Amino acid sequence: MRIAVTGSIATDHLMTFPGRFADQLVADQLHTVSLSFLVDNLDVRRGGVGANICFGMGQLGTRPVLVGAAGSDFDEYRAWLDRHGVDTGSVRISEVLHTARFVCTTDADHNQIGSFYTGAMSEARLIELKAVADRVGGLDLVLIGADDPEAMLRHTEECRSRSIPFAADFSQQIARMNGDEIRTLLDGATYLFSNEYEKGLIESKTGWSDEEILGRVGHRVTTLGARGVRIERTGEPTIEVGCPDEEAKVDPTGVGDAFRAGFLSGLSWGVGHERAAQVGCMLATLVIETLGTQEYTLRRAHFMERFTKTYGDEAAAEVRAHLG
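Note that the coordinates shown come from a computational prediction; the quantities given were computed from them, not determined experimentally.

Student: Lay out the overall build of the protein with the relevant residues and their values.
Tutor: If you tally the helices and strands in the protein, you get eleven helices and 13 strands. For the protein, the C-alpha radius of gyration of 19 Å lies close to 20 Å, the compact-globule estimate for 324 residues. C-alpha extents for the protein along the principal axes are approximately 50 × 45 × 45 Å. Across the 324 residues in the protein, those meeting the buried criterion constitute 53%. In the protein, the share of contacts with a sequence separation of at least 24, taken over all contacts with a separation of at least 6, comes to 67%. If you sum the accessible surface of the protein, you get close to 14100 Å²; carbon and sulfur atoms cover 47% of it. In the protein, the 32 positive side-chain charges and the 47 negative ones have mean positions that sit 4 Å from each other.

Okay, here's the thing in structure tokens:
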């Protein structure tokens, strides 16, 4: 199964604030917030939704196709992704803009405040999926992740017009989208990904109920934080999968991307949705235990040991047959 992932490619600048954001906010002054946080640490990491998901899939051996736009400063990042099993042949390189940049501060309660500079990401709207499909010999699924909004709309419409199954995954971009845009991006999706908060926001902005949205997508995949994930489909039993125990809670950045990487890898292997979700939850657990979105190492024996402990021997035997 050939899967392409469209989405942002960025550099993450991750900082840690030792206090709590909530302690610095004055309830009746929120309309004039002016704060500066003295942080303890700065880590510069590779990131971006599309690149994070593809890195995780590459770690699992499924050779994803990354579709996005980056700047002329992408060479080292490209080499990193190539070494970790990602097809970067469809990344557009801007002649004038730098690769996008995410700046995020995390407090002691793991709350986050972030800003995103789009940079070369704005040129993702110029990428045609037909050229990508022709280069790799066809596409079985395209995940349309957070990216330049015009690119997300173009890729969605092209998937529909060319009958390519697609997964809608708005994540960070949902805050700036209106109801019409969200309705356009999710209608007809094979999968709709979101977390619990985004689920409510999608329903609020579109005016569609949970049942109406389920009638317009194949599957609705909702991540539930530490409680795992829920997968719904009209007329089918709901699937709920829990998470493995964490050895540490280091950094939540990129956990959702890792889940998607594991879930999509499971689909690529041809395992069922429950098993795919279990792989996603296991990979997400590795990421939350690591500082940075692509700094974890997937050691097959360690991965399978923890997977077996959580999900049992039968599940582990099925996954072990596919794990690269």
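Once the structure has been displayed, the description carries forward.
Student: Can you break down the sheet that holds strand β7 (residues 112–117) residue by residue, with the values?
Tutor: Strand order in the open sheet formed by four strands is β3-β2-β6-β7, and the pairing between neighbours is mixed. The open sheet is flanked by β3 (41–47) and β7, the only strands paired with a single partner. Averaged over all pairs of adjacent strands, the angle between strand axes in this sheet comes to 15 degrees, irrespective of strand direction. Strand direction decides the pairing type here: strand β2 (residues 10–16) and strand β6 (residues 100–106), joined by seven bridges, are parallel. Each residue of the ladder has a partner; that of H13, found in β6, is V103.

Student: Can you tell me about the pairing of β7, naming the residues and giving the values?
Tutor: With six bridges joining them, β6 and β7 adopt antiparallel strand pairing. Pairing of F102 across the sheet is with F116, part of β7.

How each quantity is defined
Residues numbered from 1 in each chain as written. Predicted model: local features only at pLDDT ≥ 70, side-chain atom pairs only at ≥ 80, totals over all residues. Heavy atoms only, no water. Helix = DSSP H or I, 4+ residues; strand = E, 2+ residues; numbered from the N terminus. Rg over C-alpha atoms; globule rule 2.2 N^0.38 Å. Buried < 20%, exposed > 50% of the residue type's maximum accessible area, 1.4 Å probe, protein only. Contact = heavy atoms within 4.5 Å. Areas by Shrake-Rupley, 256 points an atom, 1.4 Å probe, with all protein chains shown as cover. Lys, Arg positive; Asp, Glu negative; His and termini not counted. Charge placed at Lys NZ, Arg CZ, Asp CG, Glu CD. Pairing = 2+ DSSP bridges. Axes fitted to C-alpha atoms, helices over the stretch in contact; angles between N-to-C directions.

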